[in-house]
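An overview of the molecular structure
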Amino acid sequence: QVQLVESGGGLVQAGGSLRLSCAASGRAFSTYAMGWFRQAPGKEREFVAAISWSGISTYYVDSVKGRFTISRLNAKNTVYLQMNSLKPEDTAVYYCAADALPRGITTYEYDYDYWGQGTQVTVSS
């Protein structure tokens with residue numbers, strides 16, 4: 001069993017930056033691909049970014065490319081989401097998730113086995 005705990009959310013003005021962290025329990029973290037998803041009020045949860053177990057491969061939804069960076073530090077069982085040039089439309093609850101199967105990066109939320117509780121990000125205009 002893996003437990004994921006997100007932190008780093010908050011209120012920021014448009015154009016500002018935040019860094020989200022997701023701390024994982026368990027020894028198998030370094031073998032899991034990790035993803036970040038978000039859910040805005042009244043909308044379905046959507047994929048934001050993912051990173052392979054090694055950190056070599058990453059993938060982003062088009063709307064955050066060039067602004068967000070996903071990274072991981074396996075020695076600390078932590079994955080990060082650096083968010084720059086934030087926009088009001090980035091306002092959402094952000095979730096990290098772990099994919100326990102040995103496959104490539106996936107954007108499909110049902111491929112992820114473990115989820116954190118979420119952290120709120122609010123971007124004011």
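Structure shown above.
What counts, and at which threshold
Residues numbered from 1 in each chain as written. Predicted model: local features only at pLDDT ≥ 70, side-chain atom pairs only at ≥ 80, totals over all residues. Heavy atoms only, no water. Helix = DSSP H or I, 4+ residues; strand = E, 2+ residues; numbered from the N terminus. Rg over C-alpha atoms; globule rule 2.2 N^0.38 Å. Buried < 20%, exposed > 50% of the residue type's maximum accessible area, 1.4 Å probe, protein only. Areas by Shrake-Rupley, 256 points an atom, 1.4 Å probe, with all protein chains shown as cover. Lys, Arg positive; Asp, Glu negative; His and termini not counted. Charge placed at Lys NZ, Arg CZ, Asp CG, Glu CD. Disulfide = S-S within 2.5 Å. Pairing = 2+ DSSP bridges. Axes fitted to C-alpha atoms, helices over the stretch in contact; angles between N-to-C directions.

**A few points about the overall build of the chain**
When its secondary structure is counted, the chain shows 0 helices and 11 strands. Starting at the N terminus, the α and β elements of the chain follow one another as β-β-β-β-β-β-β-β-β-β-β. For 125 residues, the compact-globule formula gives about 14 Å, and the C-alpha radius of gyration of the chain, at 13 Å, lands near that figure. Within the chain, the proportion of its 125 residues that are buried is 45%. Here the chain has roughly 6500 Å² of accessible surface; of this, 49% comes from carbon and sulfur atoms. Mean positive and mean negative side-chain charge positions of the chain (11 and 10 charges, respectively) differ by 8 Å.

**A closer look at the state of the cysteines**
Evaluated as defined, the whole model comprises 1 disulfide. Across the disulfide from Cys22 sits Cys96; the S-S distance is 1.9 Å. Taking the torsion about the sulfur-sulfur bond, which here is approximately 45 degrees, the covalent link between Cys22 and Cys96 counts as right-handed. Within this pair, whereas Cys22 is found in strand β3 (residues 18–24), its partner Cys96 is found in strand β9 (residues 92–99), the two being separated by 74 residues in sequence.

**Some points on the sheet that holds strand β8 (residues 78–83)**
Pairing in this open sheet of 4 strands is antiparallel, and the strands run β1-β3-β8-β7 from one edge to the other. Where the open sheet ends on each side, the last strands, each with one partner, are β1 (4–7) and β7 (68–73). Averaged over all adjacent pairs, the angle separating strand axes in this sheet is 15 degrees, with direction ignored.

**A few points about the pairing of strand β4 (residues 33–39)**
Counting buried positions along β4 gives 6 out of 7 residues, so the element sits mostly inside the fold. Pairing geometry for β4 and β9, over 7 bridges, is antiparallel. When the sheet's bridge partners are listed, Met34 is paired in β9 with Ala98.

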